[in-house]
Amino acid sequence: MIRSVAPGDLWVLRRKPRSQVWLYNEAMLARPHHQFTFALRCLFDNRREGTTLVYRDRGMRAIAQAVSRSGRPEQDIAMLSAYGGGGRDNPTDPDAWFRLLEALCVQAGQARVQRLYAALSQRHEELRELFRQLGFVSYTQQIVLRLEGPDWDQGVTVAPMRPQARRNDWGIHRLYGMMTPHLVQHAEARVARDWQLPITEGWRRSPRRGWVLGDDDNLTAALRLVSGPAAHVFTLLIHPESRDIVTDVLRFGLGQITDTLPVYLLLREYQSELLAPASDLGFQPIGEQALLFKQTTVAVRRPSLLPALEPRPEPRGPIPTISSLHCEDARYYDRATQHYEQHRPVA
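Source: prediction; values computed, not measured. (Residues numbered from 1 in each chain as written. Predicted model: local features only at pLDDT ≥ 70, side-chain atom pairs only at ≥ 80, totals over all residues. Heavy atoms only, no water.)

Peer 1: How should the overall build of the protein chain be read in this particular structure?
Peer 2: Secondary structure assignment for the protein chain yields ten helices and 13 strands. Residues classed as buried in the protein chain amount to 44% of the 347 residues present. Total accessible area on the protein chain stands at roughly 20100 Å², and carbon and sulfur atoms take up 53% of it. (Helix = DSSP H or I, 4+ residues; strand = E, 2+ residues; numbered from the N terminus. Buried < 20%, exposed > 50% of the residue type's maximum accessible area, 1.4 Å probe, protein only. Areas by Shrake-Rupley, 256 points an atom, 1.4 Å probe, with all protein chains shown as cover.)

Below you can see the structure in the form of structure tokens.
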């Protein structure tokens, strides 16, 4: 049986699961995902925060959680876990997760969620096949780097970046389009306003900051930082012809951090040429992820122009006459008629 989380499931979530898979994204690296707290919010927020589904079969329970993206009809699959069971009569963990994810896709479509995302570690080959059977498509690979050592570059130059402003949204989106493959752009479906930094941060969201370099209409670099109680996470956009400034841009970003929390850098596979300058600053790869997505909606074609000869219903309203007009309206009509009679061209 699969259903939404109920109050009786909360005590199970406080226990240690038999098996668990985390699908870390940018936000989860900065702020850990607490499955019990999130399930509690799903009970009271009516799916606004996300979805928690529970699969129950005899003594086994499996949990799947998906977190909603703020301001977008999208969700990130965050966690899969299994409790109890393990006997011969119970389904395996991947089987239970397959049924949960299938139900999650159906529920997301009913809730008008247009896209589901998952950042799956390359170690989970069996789960990758599970997602493939459910219609998820891999649109790129992501490399996770962590700041481990000293700055081997020993440079002292820092890029003269400035804080991101609202007027930079289109410039960042243009830079993103120049360096991002079309398949990735189609999967992420970004528009210019998605690059805006939030004016106020919600209690669940991690603080975000951004800096840009270059003219507003022709940016050279854009650096974004997500900070949380667990870590700081950098993402980077660099113009293809300005890759020699990567170390200066990253050194500027490291200068904005004043604590000793871990620092991560996320690079896509089409940014592999940035690995060498990042490693010179002390960033070392610690893992790779396959970024997956599933479209839950289907495009419907509708004609924007109606054929000129298409039969249309005739108007049913009565045609106004002098007698049906109000007194003042009739006076205006009489004046206009007299003006036309006086200035009518002679045939």
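Peer 1: What is the right way to read the pairing of strand β2 (residues 19-22) from this model?
Peer 2: Side chains on a regular strand alternate between the two faces of the sheet. Of the two faces of β2, only the one carrying Ser 19 and Val 21 is buried; Gln 20 and Trp 22 on the other face are not. With four bridges connecting them, β2 and strand β5 (residues 74-84) associate as antiparallel partners. Bridging across to β5, Val 21 finds its partner in Leu 80. (Pairing = 2+ DSSP bridges.)

Peer 1: Is there a simple way to explain the packing of helix α4 (residues 93-110) against helix α5 (residues 125-133) in this structure?
Peer 2: Axes are the key here: two packed helices are described by the angle between their axes and the distance separating the axes. Where α4 contacts α5, the two axes come as close as 10 Å, and the packing angle between them is 30°. If you check the angle between α4 and α5, you find them roughly parallel. The interaxial crossing formed by α4 with α5 has right-handed handedness. Residue-level inspection shows Pro 94, Trp 97, Phe 98 and Leu 101 of α4 in contact with α5, the latter providing Glu 126, Leu 127, Leu 130, Phe 131 and Gln 133. (Axes fitted to C-alpha atoms, helices over the stretch in contact; angles between N-to-C directions. Parallel < 35°, antiparallel > 145°, perpendicular 65-115°, else oblique. Left-handed = near helix turned anticlockwise from the far one by under 90°. Contact = heavy atoms within 4.5 Å.)

Peer 1: Help me understand the confidence of the model for the protein chain, please; the structure alone is not making it clear to me.
Peer 2: As a note on interpretation, predicted positions should not be read in detail where pLDDT is low. In the predicted model, the protein chain carries a mean pLDDT of 83, and 80% of its residues have values of at least 70. Summarising per-element confidence for the protein chain, the mean pLDDT is lowest in helix α10 (residues 327-342) (52) and highest in strand β12 (residues 263-268) (95). Predicted confidence for residues 319-325 stays below pLDDT 50, and this span has four contacts to residues more than four positions away or in other chains. (pLDDT = per-residue confidence, 0-100.)

Peer 1: Looking at this structure, how should I read the packing of aromatic side chains?
Peer 2: The description of an aromatic ring pair uses the distance of the two centres, along with the angle that the planes make with each other. Taken as a whole, this structure holds seven aromatic pairs when the rule is applied. Between Tyr 117 and Tyr 139, the ring centres sit 6.4 Å apart and the planes meet at 80°, which makes this aromatic pair edge-to-face. Taken together, the residues Tyr 117 in strand β6 (residues 115-121) and Tyr 139 in strand β7 (residues 137-147) connect sequence positions 22 residues apart. Residue Tyr 117 is classed as buried on the basis of its relative accessible area of 3%. Here Trp 211 and Phe 252 contribute two aromatic rings whose centre-to-centre distance is 5.7 Å and whose plane-to-plane angle is 80°, an arrangement assigned as edge-to-face. Placement of Trp 211 in strand β9 (residues 208-215) and of Phe 252 in helix α8 (residues 246-254) is noted, with a sequence separation of 41 residues between them. Among the residues examined, Phe 252 registers a relative accessible area of 12% and is labelled buried. Here the aromatic cluster, defined as three or more aromatic residues joined through ring pairs, consists of Tyr 117, Tyr 139 and Phe 293. The residue whose ring lies beneath Arg 190 is Trp 195, and the NZ or CZ to ring-centre distance is 4.4 Å. (Phe/Tyr/Trp six-rings, centres within 6.5 Å; stacked < 30°, edge-to-face > 60°. Lys NZ or Arg CZ within 6 Å of the ring centre and 35° of its normal.)

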